[in-house]
Amino acid sequence: MAEDNDSSQEKTEEPSARKLEKAREDGQIPRSRDLTTTFILLAGALGLYVFGFFISSRIVALTNRNLTLSRAEVFDTNAMIIHLASSFYEGLLAIAPFLGVLLIASIVGPIALGGWMLSAKAMAPKFNRMNPLAGLKRMFSVKALVELAKSIGKVAVVMAVAIVALMIWQQDMMQLAALETNVAIVESLLISGFTTIAMAAVTILIAAIDVPFQIWDHSKKLKMSRQELKDEHKDTEGKPEVKGRIRQLQREIAQRRMMSQVPDADVVITNPTHFAVALKYDPATMATPVLLAKGGDQVAFRIREIAKNNKIDIVESPVLARAIFHSSEVDEEIPAGLYMAVAQVLAYVFGLRNYRRGKGEKPAFPRDLNVPRDMRYD
């Protein structure tokens, strides 16, 4: 039994939808730093390639302007301040498209895996992480060592690619000094762009390995034991005793509502003791009679008691009472097969009311009610 219990606690089951939803609410979603780095590097390389000429031309123009100041401008303090502000503004405009591309990449990169998430719990301060001992334990844990090894490996690969790229472009870089300033700036940007593209291409391979790993690691952390699944199912669906109590309360509420409608009935038909049904019929608003209440034994006794207290006519017809009880639901119209029998009873009740008012003779209760054989219940 102990072995079975231990095995049941092993986290071998995939996380449920509720567990994944709760983890997301707590800010636990798969993230890949390498994927974000790849997005930013690729965006940077693309930005240099697309906006390289625009940036270089602006920088050249700005450089020429800053190197061709007049003597009066140099010795005028106010003019130099204005010139500095103007140069800063023009320089910012020159690199603004490139910075915009990097901004978009820095937003898209993190949400590419796991989607957009804004969790108050994730942003809340976690004071337990301020414990120096716990911090040292995390720093020297196996996971920290693995992450360190991964980082060193990634840096080494990227540096190797960067060195190879620089060796390929070595001759071109050496010739930059012999070129005109305008041409040298453009060439240097192109070399930087292609070198960055080469390094970014390597990070694509790293991200392609890291993304599946992060998804697998996230799923592994959220795995559940069979007992956890059972407990979650109980919490979600409700414990049997709680559900039973809820159903009992619902029945009691429905019964109280049903009993409150009995005073509005026109007639109560009884078995005479085992069943009781209360019917109402208003020719002006109803097409057919409606069942207001029904019950057996104690409920039937309560219906008869309420009918007596409210001076509602009670008639005995075991066959009709059982037929209505078994074939009709509360607040619904009676079946078409019972129209004739109920009409006979209602005619008797309405005639009895007129007799009590001094109108007409006392009617006789119909003994032979027209109840179909397929609606007779023993």
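Residues numbered from 1 in each chain as written. Predicted model: local features only at pLDDT ≥ 70, side-chain atom pairs only at ≥ 80, totals over all residues. Heavy atoms only, no water.

A.B. asks: For this particular structure, what's the right way to read the pairing of strand β1 (residues 267-270)?
C.D. replies: Consecutive residues of a regular strand have side chains that alternate between opposite faces of the sheet. Here β1 shows a buried face lined by Val 267 and Ile 269 and a second buried face lined by Val 268 and Thr 270. Judged from the four bridges that link them, β1 and strand β2 (residues 275-280) form a sheet pairing that is antiparallel. The residue of β2 that forms the bridge with Thr 270 is Ala 276. Counting the residues that bridge the hairpin from β1 to β2 gives four residues. (Buried < 20%, exposed > 50% of the residue type's maximum accessible area, 1.4 Å probe, protein only. Helix = DSSP H or I, 4+ residues; strand = E, 2+ residues; numbered from the N terminus. Pairing = 2+ DSSP bridges.)

A.B. asks: Would you take a moment to explain the sheet that holds β1 for this structure?
C.D. replies: Hydrogen bonds between backbone groups are what pair the strands of a sheet, and the pairing can be parallel or antiparallel. Read across the open sheet, the four strands follow the order β3-β2-β1-β4; overall the sheet is mixed. The sheet is open, and its two borders are formed by β3 (290-296) and β4 (313-316), each paired with just one other strand. Taking the axes of each pair of neighbouring strands and ignoring which way they run, one obtains an average angle of 20 degrees across the sheet. Strand contacts of helix α13 (residues 298-309): β1, β2, β3 and β4, with the helix running at about 130 degrees to β3, the strand carrying the most contacts. Across the sheet, helix α14 (residues 318-327) touches β1, β2, β3 and β4, and the angle it forms with β2 is around 75 degrees. (Axes fitted to C-alpha atoms, helices over the stretch in contact; angles between N-to-C directions. Contact = heavy atoms within 4.5 Å.)

A.B. asks: Could you clarify how one ought to interpret the UniProt feature "transmembrane region" (unreviewed entry) in the chain in this entry?
C.D. replies: Here, UniProt's "transmembrane region" (unreviewed entry) annotation points to residues 39-61, 94-119, 140-169 and 189-216. Summarising residues 39-61: 100% helix, 0% strand, and an end-to-end C-alpha distance of 31 Å. For the annotated span residues 189-216, helix accounts for 100% and strand for 0% of the residues, and the straight-line distance between the end C-alpha atoms is 40 Å. (UniProt positions renumbered as here; feature names shortened; annotations may be inferred.)

A.B. asks: I keep staring at the pattern of salt bridges and nothing clicks. Help me out?
C.D. replies: Pairing is possible between side chains of opposite charge, provided their charged atoms come close. The tally for this structure, following the rule as stated, stands at seven salt bridges. Its salt-bridge partner being Lys 294, residue Glu 329 comes within 4.0 Å of it at the nearest N-O pair. Note that Glu 329 is positioned in the loop between α14 and α15 (339-356) and Lys 294 in strand β3, a separation of 35 residues in sequence. For Glu 329, a relative accessible area of 45% translates into the label partly exposed. Among the residues examined, Lys 294 registers a relative accessible area of 16% and is labelled buried. A salt bridge links Glu 305 to Arg 302, with the nearest nitrogen and oxygen atoms 2.8 Å apart. (Salt bridge = Lys/Arg side-chain N within 4 Å of Asp/Glu carboxyl O.)

A.B. asks: Can you help me understand the side chain of Arg 322 in this one?
C.D. replies: One can find Arg 322 in helix α14. Looking at Arg 322, its side chain comes within polar contact range of the main-chain oxygen of Tyr 377, at 2.3 Å. With residues up to four places along the chain from it excluded, the contact list for Arg 322 reads Asn 271, Phe 275, Tyr 377 and Asp 378. (Polar contact = N/O pair within 3.5 Å; in protein donor to acceptor, adjacent residues only side chain to side chain.)

A.B. asks: Just to check I follow, could you spell out the packing of helix α3 (residues 33-66) against helix α10 (residues 181-221) for this structure?
C.D. replies: When two helices pack together, their arrangement is given by the angle between the helix axes and the distance between those axes. One can describe the packing of α3 onto α10 by two numbers: an axis separation of 7 Å at closest approach and a directional angle of 170 degrees. Comparing their axes, α10 and α3 come out roughly antiparallel. Within the contact of α3 with α10, the residues separate by chemical class into 17 nonpolar, eight polar and three charged. (Parallel < 35°, antiparallel > 145°, perpendicular 65-115°, else oblique. Nonpolar A, V, L, I, M, F, W, Y, C, P; charged D, E, K, R; others polar.)

A.B. asks: Got a minute to help me understand the packing of helix α8 (residues 142-168) against α10 in this structure?
C.D. replies: Where α8 contacts α10, the axes come no closer than 8 Å and their chain directions differ by 160 degrees. As summarised for this structure, α8 and α10 are arranged roughly antiparallel, according to the angle between their axes. As α8 packs across α10, the resulting crossing turns out to be right-handed. Here Lys 143, Lys 150, Lys 154, Val 157, Val 158, Val 161, Ala 162 and Ala 165 of α8 lie close against α10, whose contacting residues are Thr 195, Ala 198, Met 199, Val 202, Thr 203, Ile 206, Asp 210, Phe 213, Gln 214 and Lys 221. Looking at the contact of α8 with α10 residue by residue, the class counts come to ten nonpolar, three polar and five charged. (Left-handed = near helix turned anticlockwise from the far one by under 90°.)

A.B. asks: Before we go on, may I ask you to explain the environment of Val 108 in this structure?
C.D. replies: Within the secondary structure, Val 108 is located in helix α5 (residues 77-112). Separated by 72 residues in the primary sequence, Val 108 and Thr 36 have C-alpha atoms spaced 7.9 Å apart.

A.B. asks: Teacher, can you tell me more about the nonpolar core here?
C.D. replies: Most often, soluble globular proteins have nonpolar side chains that are buried together. Ranked by size, the top nonpolar core spans 25 residues in total, and within it Ile 269, Leu 320, Ile 324, Leu 338 and Val 345 carry the most contacts. For this core, the elements supplying multiple residues, two or more each, are β1, β2, α14 and α15. Looking at this core, the element that brings in the most residues is α15, giving seven residues. Every residue in contact with Leu 320, bar those within four places of it in the chain, is listed here: Ile 269, Leu 338, Ala 341, Val 342, Val 345, Leu 369 and Val 371. Ala 265, Val 268, Ala 293 and Ile 312 belong to the second largest nonpolar core, which has 16 residues in total. (Core = buried A, V, L, I, M, F, W, Y, C linked by side-chain atoms within 4.5 Å.)

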